[in-house]
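Overview (structure and organization)
As a plain string of letters, each chain reads:
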Amino acid sequence: MTNLVHKTTDLWGHPKGLFLLFGTEMWERFSYYAMRALLVLYLVDRVQAQGGGLGWDHASALQLYGTFTMLVYVTPLLGGWLADHITGQRLAIILGSILMAIGQFSLALPHAWLPGYELHAFYTGLGFLVVGNGLFKPNISTMVGDLYQPGDKRRDGAFTVFYLGVNLGMFLAGISVGLLIDLFGYQIEVDGNLVQVRNYQAGFLLAGIGMLIALVLQMTLAKPLLGSIGIEPAAKRERRLQQQARKTPLTKQEVDRLKVVLIMGLFTIIFWAGFEQAGGLMNIYADRFVDRTVGSVELNPAYFQSLNPLFIMIFAPLFAALWMKLGKHDPNSPVKFAMGLVLLGIGFLMMVAATMQYSEAQQSSLWWLVLAYLFFTLGELCLSPIGLAMVTRLSPLRMASLMMGAWYFFMAGANKLAGLIGALVGSGEAATDKEMVANAFAIFGGFTLAAFIAALLLYLMADKLIGWMHGAEPSRTDTNVSPALTAASKVS
């Protein structure tokens, strides 16, 4: 297999191109999660006439949230195919960045500029974000894998570094937009009372600026730091390397490895359907039912969206060091996935406790929410970067971006499922606060049970899945193969 790695001086043990991709992804994630932190709050805010929100009921807002986030993960399947066969990864990333910037600025248009057309601008913005994300998302991840030779043991570490960039952007997003919508907010008088109006458009504007920074990084630094990586479509490159124009059929090894990706993808649906309650149901729960007062300050609910990336930045280096320290005892990918599901279940136990504490006289403690996000994060570290690395090493080269898109397709189903389940909490109009908390208790308890059962099933299947990987990872009983080496291998 011809080496595509661009020959540049390494920085901290990795190609410099990794840190360009780190920065590009960081600002794209800043943009997306700034918008995501506000989306449901913006939809349900009731001061619509003054431009503070759209005044939707909670169930409708959560269903829209689920549909939007589903589409965000569906379109990478098409974007991956286009990059593999037509545009190449680099052009797809640039086009996606432009479209997403347009989408964010559409959301940022003040209501006063569009009287009667607020929803048109809103849906237009979401549309641009969905299409742009489809071009961007699968290709940035695939390019990280292309920086390394097959068998390079730095590959898993590179995805951990890359994942830190993702979460640094997410952390900055939640804090920044939470501060900004309050800082640029204003007070109005409603029925003789002063009401604070959050300036959501200022938050969406900040998200658009973040996306422009990602675009500028790619357009100015990609050529010197990435060389030829991502320019030629992968399918075209493989045909050229094999010196044949026709498509080659998948081998039995490749089919088995794709079966592993499929099965692991089904388990990721369970994980992400629970995890994505963070931007929907848990966001609303924090806004309505959690005592967010610290001293004399009431925290904006958007701040809680920064807990997950903060914990990622704290614990990701520790997890990376732990996997290396374990050496031949390092758990394989299916076992790590099972561990992630167990930790997700424990996180939902914290939310069950929060609902049990709530009463008409007492709101839930914010510490239950903090603990839930902590366990969600620990579970994510066992599952998400490991899954990305697994897809890049198990996918045939000619299907690399397509399979990354397929991986995100599983997450699309999870996000739609998350919205549908979250909407079961009921509407603030049709249900009392007590009824909504009782519904939340049932939802959180159901996720706890589902996560534990799925973890047990996956653990029992682990050795069979490792066998289908055909040497990409050792089985738990194989002590003659280095897990660090085989975990990084990728078959061309």
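Residues numbered from 1 in each chain as written. Predicted model: local features only at pLDDT ≥ 70, side-chain atom pairs only at ≥ 80, totals over all residues. Heavy atoms only, no water.

1. Overview of the pattern of salt bridges
Counting across every chain of the model gives nine salt bridges. When the shortest N-O distance is used, the salt bridge between Asp256 and Lys252 registers 2.9 Å. Of the two residues, Asp256 and Lys252 both sit in helix α8 (residues 252-275), four residues apart, roughly one turn of that helix. Relative accessible area serves as the criterion here: at 5%, Asp256 is assigned to the buried category. One network of salt bridges, in which partners are shared, links Arg198, Asp287, Arg292 and Glu298. (Salt bridge = Lys/Arg side-chain N within 4 Å of Asp/Glu carboxyl O. Helix = DSSP H or I, 4+ residues; strand = E, 2+ residues; numbered from the N terminus. Buried < 20%, exposed > 50% of the residue type's maximum accessible area, 1.4 Å probe, protein only.)

2. Concerning the packing of helix α1 (residues 16-44) against helix α4 (residues 118-146)
Relative to each other, α1 and α4 sit at 150°, their axes nearing to 11 Å. When the axes of α1 and α4 are compared, the pair comes out roughly antiparallel. Classified by chirality, the crossing of α4 by α1 is left-handed. Residues Leu18, Leu21, Thr24, Glu25, Glu28, Arg29, Met35, Leu39, Tyr42 and Leu43 of α1 form the contact with α4, whose participating residues are Phe122, Leu129, Asn133, Phe136, Lys137, Ile140, Met143 and Val144. By residue class, the composition of the contact of α1 with α4 is 12 nonpolar, two polar and four charged. (Axes fitted to C-alpha atoms, helices over the stretch in contact; angles between N-to-C directions. Parallel < 35°, antiparallel > 145°, perpendicular 65-115°, else oblique. Left-handed = near helix turned anticlockwise from the far one by under 90°. Contact = heavy atoms within 4.5 Å. Nonpolar A, V, L, I, M, F, W, Y, C, P; charged D, E, K, R; others polar.)

3. Focus: the packing of aromatic side chains
In the structure shown here, the tally under the stated rule is 22 aromatic pairs. Ring geometry for Tyr42 and Phe122: centres 5.9 Å apart, planes at 50°, overall tilted. With a gap of 80 residues between them, Tyr42 in helix α1 and Phe122 in helix α4 connect regions that are remote in the sequence. Relative accessible area serves as the criterion here: at 2%, Phe122 is assigned to the buried category. (Phe/Tyr/Trp six-rings, centres within 6.5 Å; stacked < 30°, edge-to-face > 60°.)

4. Considering the side chain of Gln104
Following the sequence through the fold, Gln104 ends up in helix α3 (residues 89-107). Of note is the side chain of Gln104, whose polar atom sits 2.9 Å from the side chain of Ser31. Aside from chain neighbours lying at most four places away, what touches Gln104 is Ser31, Tyr32, Met35, Leu129, Phe204, Ala207 and Gly208. (Polar contact = N/O pair within 3.5 Å; in protein donor to acceptor, adjacent residues only side chain to side chain.)

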